[in-house]
Amino acid sequence: MIDVKHLHKNFGSLEVLKDVSLHVDKGEVVAIIGPSGSGKSTLLRSINLLETPTSGEIVVDGITVTDKQTSASALRQKVGMVFQHFNLFSHMTVMKNMTYAPVKTKRLSKAEAQEKAMKLLERVGMSDKANVYPATLSGGQKQRVAIARALAMDPEVILFDEPTSALDPEMVTEVLEVIKELADTGITMLLVTHEMGFAKEVADRIIFMDDGVILEDASPEEFFANPKTARARDFLDKML
Amino acid sequence: MNLDFSVMPQYFGYLANATTITLQVTLYALFFGFVLAVPLAFMKLSRFRLLRWITSFYTAVFRGVPLLVQLMIVYFGVPQITGGNFTPLQASTIALSLNSAAYLSETLRGGIMAVDIGQREAAMALGVSQFAIMKDIVIPQALKSTLPGLVNEMINLLKNTSLVSCISLVDLTRAAQLIVSRTYRAFEPYLVIAVVYFIMVEILTLISLRIERWVNISDRR
């Protein structure tokens, strides 16, 4: 489903990704963990072209992302994204947030889009808030709407960029539950997270990154029980 | 005290016509100024240096030269070069539009920059085109935050129209001047138009407060 080959990304003279290669199968749930500044988010954001790779190749579901001819919008319709800071459109109601992109890009009728949005909102437990503006919602509620909004595009892959890092502790669980349910549906997921317990529970694979390099790529059991690198051991000691 | 307002009522119809001219120039200039200001604001934020350079030059010129001089150049100067003629209304609309576009584009640029980058990224991640993102996400949010600045510009524009009296367009100010020359009384006509200007500005302010309250519905918690 996702193939990353020899990916490099520089911000000016700073090399954030150093020759990263990664393969993700359809339906796999992959958690990317590692210290701040290790390049996790940049890797994730490169997959839907929010960052332009300096060199290397990314292929998503047969589309060569890194090809200059590739339409970014066509790619992004297949790849959903959930952000740390939710990024709900602040001037639109929850319902409008849900229907805006499907109506705009998939040529869905407004009624069709609304019907679908309502089902998705029910799924994340937010159907009673369809007509309010994001400002009235708690962080956890915003993130659940953001997840539903990404799903409204019927993505093949969904990217989570630290989805619980900006939440108050008591709201983390409600969001993780929604993500976990989603993982069980068989959608392909890439998840950058600092929630070690959660990564262990839902992920099929753990990717450990440090300093722009993938240091470990293992099953959760293996990674958490005996990490191979000293850097990962050190990181886990600090996290757990 | 030498004050006699009894000379005024016979000129009220005349002043009413002049008021519509003032409003007409204001609305035209506001409309064309805004239409011009939106692309200017985006050009100022462009990644192409040439576009940025052109637009900062534009702003520098129209902010750096007195509006009255700009009016004179358009009305008296340009026909000398082109051979054609502008009516006073056309010349006023052109000069005021170009001038207010310079100010409005600065206000809009600030508003566009203030829109959280995450809003744009979220729309991008949903596969929305750049044009639609600007139209549906960035501009509405930018307008909201720039509304007070835009109203300020509108008020300035309305008052600046008094300068068109110098190119023989019979706006409120010019009308008052003509009444003065006919009645030999200055205080009464000028006081009357001062009140008219003041009332128009107050009405604008009230309307804008209404609009502000309405567009800020989404911020209510």
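No experiment lies behind these values; they were computed from the predicted model shown.

A. A look at the overall build of chain B. If you tally the helices and strands in chain B, you get eight helices and zero strands. Start at the N end of chain B and walk to the C end: the helices and strands fall as α-α-α-α-α-α-α-α. When its C-alpha atoms are laid out on the principal axes, chain B stretches across 70 × 50 × 25 Å. Sorting the 221 residues of chain B into buried and exposed places 43% on the buried side.

B. Local environment of the pattern of salt bridges. Tallying each qualifying case throughout the model produces 22 salt bridges over all chains. Its salt-bridge partner being E106 of chain B, residue R109 of chain B comes within 3.2 Å of it at the nearest N-O pair. Here E106 of chain B and R109 of chain B lie together in helix α4 (residues 88-114), a separation of three residues that amounts to about one turn. With a relative accessible area of 22%, E106 of chain B lands in the partly exposed category. Each member of the salt-bridge network shares a partner with another, and the members are D210, R231, D234 and K238 of chain A.

C. Here's a closer look at the sheet that holds strand β4 (residues 55-60) of chain A. Residues and elements named next belong to chain A. The strand order across the open sheet formed by four strands is β2-β1-β4-β5, and the pairing between neighbours is antiparallel. Edge positions in the open sheet fall to β2 (14-24) and β5 (63-64), since each of these has one partner strand only. Judged from the two bridges that link them, β4 and β5 form a sheet pairing that is antiparallel. Pairing of V60 across the sheet is with I63, part of β5.

D. The pairing of strand β7 (residues 157-161) of chain A, seen in detail. All names here are of chain A. The buried count for β7 comes to five of five residues, which makes it a mostly enclosed element. Where strand β6 (residues 79-82) meets β7, four bridges bridge the pair, whose relative direction is parallel. Along β7, the bridge assignment pairs V79 with V157. In the sheet, β7 pairs with strand β8 (residues 188-192) via five bridges, with the strands oriented parallel.

E. A look at the nonpolar core. I2, L43, V60 and L190 of chain A are the most contacted members of the largest nonpolar core, which totals 52 residues. Broken down by element, this core gets its largest block of residues, seven residues, from helix α6 (residues 130-160) of chain B. If sequence neighbours within four positions are ignored, L190 of chain A has contacts with I2, V24, V30, I32, L44, I47, I158, L159 and F160 of chain A.

F. Region of the structure containing the sheet that holds β7 of chain A. Residues and elements named next belong to chain A. In space, the six strands of this open sheet follow the order β6-β7-β8-β3-β9-β10, with mixed pairing throughout. Each having just a single partner strand, β6 and β10 (213-218) make up the two edges of the open sheet. When strand polarity is set aside, the average angle formed by the axes of neighbouring strands in this sheet is 20°.

G. Representation of unusual backbone geometry in the model. All names here are of chain A. Positioned with a positive phi, L49 is a non-glycine residue whose angle comes to about 65°. The buried category is assigned to L49, whose relative accessible area is 16%. Even without glycine at this site, F86 takes up a positive phi of about 65°. Residue classification places F86 among the buried positions, given a relative accessible area of 12%.

Definitions and cut-offs
Residues numbered from 1 in each chain as written. Chains lettered and ligands numbered in written order. Predicted model: local features only at pLDDT ≥ 70, side-chain atom pairs only at ≥ 80, totals over all residues. Heavy atoms only, no water. Helix = DSSP H or I, 4+ residues; strand = E, 2+ residues; numbered from the N terminus. Buried < 20%, exposed > 50% of the residue type's maximum accessible area, 1.4 Å probe, protein only. Salt bridge = Lys/Arg side-chain N within 4 Å of Asp/Glu carboxyl O. Pairing = 2+ DSSP bridges. Core = buried A, V, L, I, M, F, W, Y, C linked by side-chain atoms within 4.5 Å. Contact = heavy atoms within 4.5 Å. Axes fitted to C-alpha atoms, helices over the stretch in contact; angles between N-to-C directions.

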